[in-house]
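Overview (structure and organization)
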Amino acid sequence: MTGPDAQTVLRLEGVGRVHGRGAAEVHALHPVDLEVRAGEFLAVMGPSGSGKSTLLALAGGLDRPSTGRVLVEGAPLAGLNRAELADVRRRSVGYVFQSYNLLPALTAAENIALPRELEGVPARTARAEALAVLGELGIGELADRFPEDMSGGQQQRVAIGRALSGQRRLVLADEPTGALDSTAGEAVLEVLRARCDAGAAVVMVTHDAAHASWADRVVFLRDGRLVAEQNTAGQGTAGAVRR
Ligand code: ADP
Ligand code: MG
């Protein structure tokens, strides 16, 4: 792709989401405009119920907006049929669910390798990639373990590994450090930061200002509205968001 938008990986144009109707109407997200470029690490902060997960799900094509449109690598998601949308989600987007969503019948390495095999990557290559990303996340020894035999924090890191295997252009992570102690959390932030530096766009929801300070930019949501935006020092050097 060429042109002025070539570096824009994610673009939200007036994207809003309303659940229910009439008296039961809930504005999970009032219309927002947002752009995330290749190499950029964006953090999304805000209280519980402020619309963070909604924003992320819309950005990843897991949910459809009530208003506005979402473009991933220049392609409007609404213009894609089911198969095309599934293809974009599989190839371009790495999604870390707040609830991990690992397949219980598969080991850690298999959970990570499966989406790559579905993309057509040979099984041996997919397994090698899975082992590499598990190593990067500091949990190489868990490769052949099943989710039920892992702690929440371990499952969370496997879910992150799954989102990062392959060269995803867009990584969307919903509180990826939520279940981790500070050492494991920092390891995850380092890996996300490295993905950005390698050219990916990363959007991370977090409650933790110290973690948000690893991002280049932080946006704040309140009651479904984007209320503030802040550039940070990046690289986790600030320790907290500068005000
Ligand atoms: P956050 O991730 O910031 O905690 P969410 O994006 O999950 O917030 O939710 C934002 C708001 O939208 C909340 O008030 C939530 O109750 C509401 N909401 C989310 N999903 C639904 C749904 N499927 N039906 C009705 N309300 C919803
Ligand atoms: Mg949430």
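Here's what I pulled together on the structure shown here. None of the values given here were measured: they were computed from a predicted structure. One numbering rule holds for all chains: residues counted from 1, following each sequence as written. Here chains are named by letter from A upward and ligands by number from 1 upward, in the order in which they appear as written. Local features in this predicted model are restricted to residues of pLDDT 70 or higher, and side-chain atom pairs are both shown and tallied only at a pLDDT of 80 or more, whereas totals for entire chains, interfaces and linings draw on every residue. Excluded from the side-chain calculation are hydrogens and water; included are all heavy atoms of the structure.

1. Digging into the overall build of the protein chain
Secondary structure follows DSSP: runs of H or I at least 4 residues long count as helices, runs of E at least 2 residues long count as strands, and numbering of each begins at the N terminus. Looking only at helices and strands, one finds 7 helices and 10 strands in the protein chain. In terms of overall size, the protein chain behaves like a compact globule, its C-alpha atoms giving a radius of gyration of 17 Å where 243 residues would be expected to give roughly 18 Å. Counting only C-alpha atoms, the protein chain reaches 50 × 45 × 45 Å along its principal axes. Burial here depends on accessible area, computed with a 1.4 Å probe over protein chains only, as a share of the maximum for the residue type. Under 20% is buried, over 50% is exposed, and the range in between is partly exposed. With 243 residues in all, the protein chain has 50% of them scored as buried. The contacts in the protein chain between residues at least 6 apart in sequence include a share of 66% that link residues at least 24 apart. Surface exposure of the protein chain reaches about 11,100 Å², of which carbon and sulfur atoms provide 49%. Every radius of gyration here is taken over C-alpha atoms, with the globule rule written as 2.2 Å times N^0.38, N being the number of residues. Here, two residues are considered to be in contact whenever any of their heavy atoms come within 4.5 Å of each other. Only the protein chains shown count as covering a residue, and every accessible area follows the Shrake-Rupley method with a 1.4 Å probe.

2. Focus: the site of ligand 1
Nearness is defined per residue: one heavy atom within 4 Å of the molecule or strand is enough. Taken together, the residues surrounding ligand 1 are H19, V26, A28, P47, S48, G49, S50, G51, K52, S53 and T54. Whenever a nitrogen or oxygen atom comes within 3.5 Å of another N or O atom, the pair is scored as a polar contact, on the condition that within protein one atom can donate a hydrogen and the other can accept it, and that pairs from neighbouring residues in sequence are kept only if both atoms are in side chains. In this structure, a nitrogen atom belonging to ligand 1 sits 3.3 Å away from a side-chain N or O atom of H19. Contact between ligand 1 and G49: an oxygen atom at 2.7 Å from a main-chain N or O atom of the residue. In isolation ligand 1 has 560 Å² of accessible area, and contact with the protein removes 57% of it.

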